[in-house]
Amino acid sequence: MDKKLSLIEKFKMFRKYQFLLNYSLFKPFYKNKFFSLTFHITTRCNAHCLMCFNWQTMNKNLKDLSLEEINKFTKNIGNLPNLSLSGGEPFLRDDIVEICKIFKKNCQTNKIAIPTNGLLPELIIKKTEEILKTCPVRLKLCLSLDGTGQVHDEIRRVDGAFEKFKKTLQAAIALTKKYPKLQVNINTTAFTANQNNLEELVSFINNIPEIKFHNIEFIRGAFNNHEAETITPEKYDELIDKIILKSKSLNNDKYHKKIYALYHNLAVKILKTKKQLVRCRAASHIPVIDALGNVYHCEILPPIANLKDYNYDFKKIWNSETAKKQRQNIAAKKCYCTHLCYQIQNIPMSPYYLIKAIFAK
């Protein structure tokens, strides 16, 4: 890891994450206020990934929420600064541009992240440019890459997936020259199928100067145990300093890297102890809605309710007795996970762990 921060740098890091810390320090003022939303907009996908945690609902001809239904629930969810549109493959929704516009209008959303498998280069670039042209938001395109060459093809179970990824990546990077509000990131899921390829993968991405952030997350959720296996905590521990922390950090941000390093070291301990080590506050401020309208505190926990059963009144679901009981269970540490999207927010939401990250070597 990097050397310790100077006193001024420590103060700057504290100020950078203070807005997240406020969610725990001033809890009553942040009730029903959401930092972000993860919205799975479709159950359709054109890949068959070994580690997919949505594998049980993918491509089952289920009816995704319509634009009208999305418009209804977004009208009472309140201000939503950050949004992640996931899937399935989100670009398989013809109306993805309209979905972005709805959130901008109804929720004043100003940052949208879209993870994609990159298998449809022309469509992805076309829709990305449409969003940038018609919806005034900062857009983060997160391309998934789980290995180099054949390793990626085998994990995605799509011939030529790696070449299609490179084509999408090149076109997306070219688009950033035209649209400063576009950022292109790389996401990787680490598990046994690619653990021996991670070093080559990190090196490959580090040699792409336009990519400022490469996110590596440990496999999570209800993946098919017959198709994928987790890396052992011991192997994961070995990979952290040797490979994972050599991956790119957002704009070479030393503060983010401190949080990122602490996350991975905590993830190993969580896997070993099978306990919630950092109090999960993110589950109260980063709700999840799937393509069918089910509302969750977290993708790993059972759904609270379905929007359709509450006339699309999100706040009514969020304040229901079922939701309150589940939050009590989360607070009582009756669950645990290594979910990066939550843990990377839980660290600065915790006074103890934020200070630990700031003073880490």
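Before reading further, recall that the structure is shown in the block above.
Residues numbered from 1 in each chain as written. Predicted model: local features only at pLDDT ≥ 70, side-chain atom pairs only at ≥ 80, totals over all residues. Heavy atoms only, no water.

(A) Seen up close, a nonpolar patch on the surface. Taken together, the side chains of L25, F26 and F29 define a hydrophobic patch exposed on the protein surface, amounting to about 340 Å² of accessible area. Looking at the secondary structure, you find F29 in the loop between α1 (7-25) and β1 (36-40). F29 gets classed as exposed once you look at its relative accessible area, which sits at 60%. (Patch = residues over 30% accessible without salt bridge, like charges linked within 9 Å, V, L, I, M, F, W, Y side chains within 5 Å. Areas by Shrake-Rupley, 256 points an atom, 1.4 Å probe, with all protein chains shown as cover. Salt bridge = Lys/Arg side-chain N within 4 Å of Asp/Glu carboxyl O. Helix = DSSP H or I, 4+ residues; strand = E, 2+ residues; numbered from the N terminus. Buried < 20%, exposed > 50% of the residue type's maximum accessible area, 1.4 Å probe, protein only.)

(B) Up close: the sheet that holds strand β6 (residues 214-218). If you walk across this open sheet you meet the 9 strands as β6-β5-β4-β3-β2-β1-β7-β8-β9, and the pairing is mixed. Edge positions in the open sheet fall to β6 and β9 (305-306), since each of these has one partner strand only. Of the strand pairs in this sheet, strand β7 (residues 288-289) and strand β8 (residues 294-296) are connected by 2 bridges, and their pairing is antiparallel. Within the sheet, the bridge partner assigned to V288 lies in β8 and is Y296. (Pairing = 2+ DSSP bridges.)

(C) Local environment of the packing of aromatic side chains. What the rule picks out here adds up to 13 aromatic pairs. Ring centres of F39 and F103 lie 6.0 Å apart, and the angle between their planes is 55°; on these two criteria the pair is classed as tilted. Of this pair, F39 sits in strand β1 while F103 is found in helix α3 (residues 96-107), placing the two residues 64 residues apart along the sequence. Pair check on accessibility: F39 and F103 agree, each one buried. Between F162 and F204, the aromatic rings sit 5.6 Å apart at their centres with planes inclined by 55°, giving tilted as the arrangement. Taken together, the residues span a long stretch of sequence, with F162 in helix α6 (residues 161-178) and F204 in helix α7 (residues 198-206) at a distance of 42 residues. Since its relative accessible area comes to 26%, F204 is described here as partly exposed. One aromatic cluster is present, formed by F34, F314 and W318 through successive ring pairs. When the ring centre of Y17 is taken as reference, the NZ or CZ atom of K16 above it lies at 5.8 Å. Of note, K33 hangs over the ring of Y30, and the distance from its end group to the ring centre comes to 5.9 Å. (Phe/Tyr/Trp six-rings, centres within 6.5 Å; stacked < 30°, edge-to-face > 60°. Lys NZ or Arg CZ within 6 Å of the ring centre and 35° of its normal.)

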